[in-house]
Structure formats: C-alpha cells, structure tokens
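What follows is each chain in one-letter form.
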Amino acid sequence: MSFLKINYEEAGGGEFEIIAEGEYEVIVADAEIAESKSGYPMLKLTLTVRNDVSQPHRKQKLWDYLVASEKAAFKFQQVGKAVGLPNGKDFKTLEEYRNAILYKAVKVKVVHEESEYQGEKRKQARIKNYSLAIVEYSSPSAKDPFDVSTDTDATNFLRSEE
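Residues numbered from 1 in each chain as written. Predicted model: local features only at pLDDT ≥ 70, side-chain atom pairs only at ≥ 80, totals over all residues. Heavy atoms only, no water.

Enquirer: I keep staring at the nonpolar core and nothing clicks. Help me out?
Expert: Counting residues in hydrophobic clusters, the biggest one holds 24 residues, and the most contacted among them are Leu 45, Leu 47, Leu 62, Val 108 and Tyr 130. Looking at this core, the elements that each hand over two or more residues are strand S1 (22-35), strand S2 (41-49), strand S3 (61-67), helix H1 (74-82), helix H2 (94-101), strand S4 (105-117) and strand S5 (120-132). Not counting residues up to four positions away in its chain, the partners in contact with Val 108 are Gly 22, Glu 23, Tyr 24, Val 26, Leu 47, Leu 62, Ile 127, Asn 129 and Tyr 130. (Core = buried A, V, L, I, M, F, W, Y, C linked by side-chain atoms within 4.5 Å. Buried < 20%, exposed > 50% of the residue type's maximum accessible area, 1.4 Å probe, protein only. Helix = DSSP H or I, 4+ residues; strand = E, 2+ residues; numbered from the N terminus. Contact = heavy atoms within 4.5 Å.)

What follows is the structure, encoded as structure tokens:
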C-alpha cells in the first residue's frame, strides 16, 4: 500500500477565495516570534475562522503581524484587550505575551486592500481591528483548537455539519 498516488484531477487550480469583508470569530492558532524587516521583534499571527460559530469561511486562515515598534505597538494592546488579558498585566517577554494570547478567541474586522506583488495588483484580506469574541470558546488551552478527538460536544457538532 502506498502513501500517495498523484492524481492531477484532484490537484485543483491553487486559487483561494479571499475572505469577504466583515466581522469574524477567530482563534489565535499560532503566534510565531520573529523579527520585522526594520529589526523590531514581532509576532506573526495565524488566525483560524472558528468552525463552532455559524459564519462563512469557517476553518480558513488569516494572517497578521504584531510589530513591537512605537508606531504599531497599539496592536499588542488591542489583541490583549480582545483576548481578555487583565488591564495593567505586565509581560516580561514577548514569549510570555505570546503564550497568553495563543489559542484564544477574538473577533476581527476584515477589510480588503489592494497590493502589488511582482508587478501584479491583487486584493488581499487585512485585519483592521480586534475585539472581544461574542461566542465563548471552551478549550483555550488545546494544542490544536480544532482537535475534537476528546471533545464529545464538538465531535457531535462536526458530525451534524456533515
């Protein structure tokens, strides 16, 4: 038995539908510590549109960057408030902040903007702001926010979606 048999008909065109403008409940699925092009510490966020909330684009990804520069530091505050971190909470390191927001639910407002890449203009989804999630998320400490192998309520929900 082989691992994979290549079938060109199943390959698809590689085109992804852009997430429509609007507000979405998402999970902070990953937060990678990196350095910006300008040399500032930053977090590369991967946000996943929640599949336990009735909304379009469930399980699709969005990306954002939190850069620790004076001009962009407000985003750290916005995300912290949106995930419910206590006002006045002091974080000693970027890693400590990262761990506090990882796998938390937030609401984001998505807007479209045009950008140019290699001479080609294209529309992309951008996160305009973060706010408190409306629907409570019950497993913020899970390593995989969509792993329902031990969650019978979530498993039953997913089965009802099929």
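Enquirer: Which parts of the structure should I look at to understand H2?
Expert: Because each turn of an α-helix spans 3.6 residues, side chains separated by three or four positions end up pointing in the same direction. Along H2, the residues that are buried comprise Tyr 97, Arg 98, Ala 100 and Ile 101. The buried side chains of H2 occupy one side of the element, clustering within an arc of 165 degrees when seen end-on. Of the surrounding elements, those touching the buried residues of H2 are S1, S2, S3 and H1. A positive phi of about 65 degrees marks Tyr 103, the residue just after H2. (Arc of directions from axis to C-beta.)

Enquirer: So what exactly am I meant to see when it comes to the packing of H1 against H2 here?
Expert: Between two packed helices, what matters for the description is the angle formed by their axes and the separation of those axes. Look at H1 against H2: their axes get within 10 Å of each other, and the N-to-C directions meet at 35 degrees. Regarding H1 and H2, the two cross each other, and that crossing is left-handed. Contact residues: H1 offers Phe 76, Val 79 and Gly 80, while H2 offers Leu 94, Tyr 97 and Ile 101. Among the residues forming the contact of H1 with H2, the class breakdown is five nonpolar, one polar and no charged. (Axes fitted to C-alpha atoms, helices over the stretch in contact; angles between N-to-C directions. Left-handed = near helix turned anticlockwise from the far one by under 90°. Nonpolar A, V, L, I, M, F, W, Y, C, P; charged D, E, K, R; others polar.)

Enquirer: What am I meant to see in the environment of Gln 124 here?
Expert: Relative to the helices and strands, Gln 124 resides in strand S5. For Gln 124 and Val 110, which are 14 residues apart along the polypeptide, the C-alpha to C-alpha distance reads 9.8 Å. If near-sequence neighbours (up to four positions away) are discounted, Gln 124 is found in contact with Ile 18, Val 111, His 112, Glu 113 and Ser 115.

Enquirer: For this particular structure, what's the right way to read the sheet that holds S3?
Expert: Within the open sheet, the five strands sit side by side as S3-S2-S1-S4-S5. Their pairing is antiparallel. At either margin of the open sheet sits one strand with a lone partner, and together these are S3 and S5. Going from strand to strand, the sheet's axes swing by 40 degrees on average, the running direction of each strand aside. Here S1 runs beside S4; their pairing, made up of six bridges, is antiparallel. What sits directly across from Ile 27, in S4, is Ala 105. H1 rests against S2, S3, S4 and S5 of the sheet, and its axis sits at about 55 degrees to S5. (Pairing = 2+ DSSP bridges.)

Enquirer: What should I look at first to understand H1 in this one?
Expert: For H1, the complete set of buried residues consists of Lys 75, Phe 76, Val 79, Gly 80 and Ala 82. For H1, the angular spread of buried residues about the axis comes to 165 degrees, placing them on one side. Residues of H1 that are exposed and point more than 90 degrees away from the buried face comprise Gln 77 and Lys 81. Against S2, S3, H2, S4 and S5 lie the buried residues of H1. The positive-phi residue at the C-terminal boundary of H1 is Gly 84, with phi of around 90 degrees.

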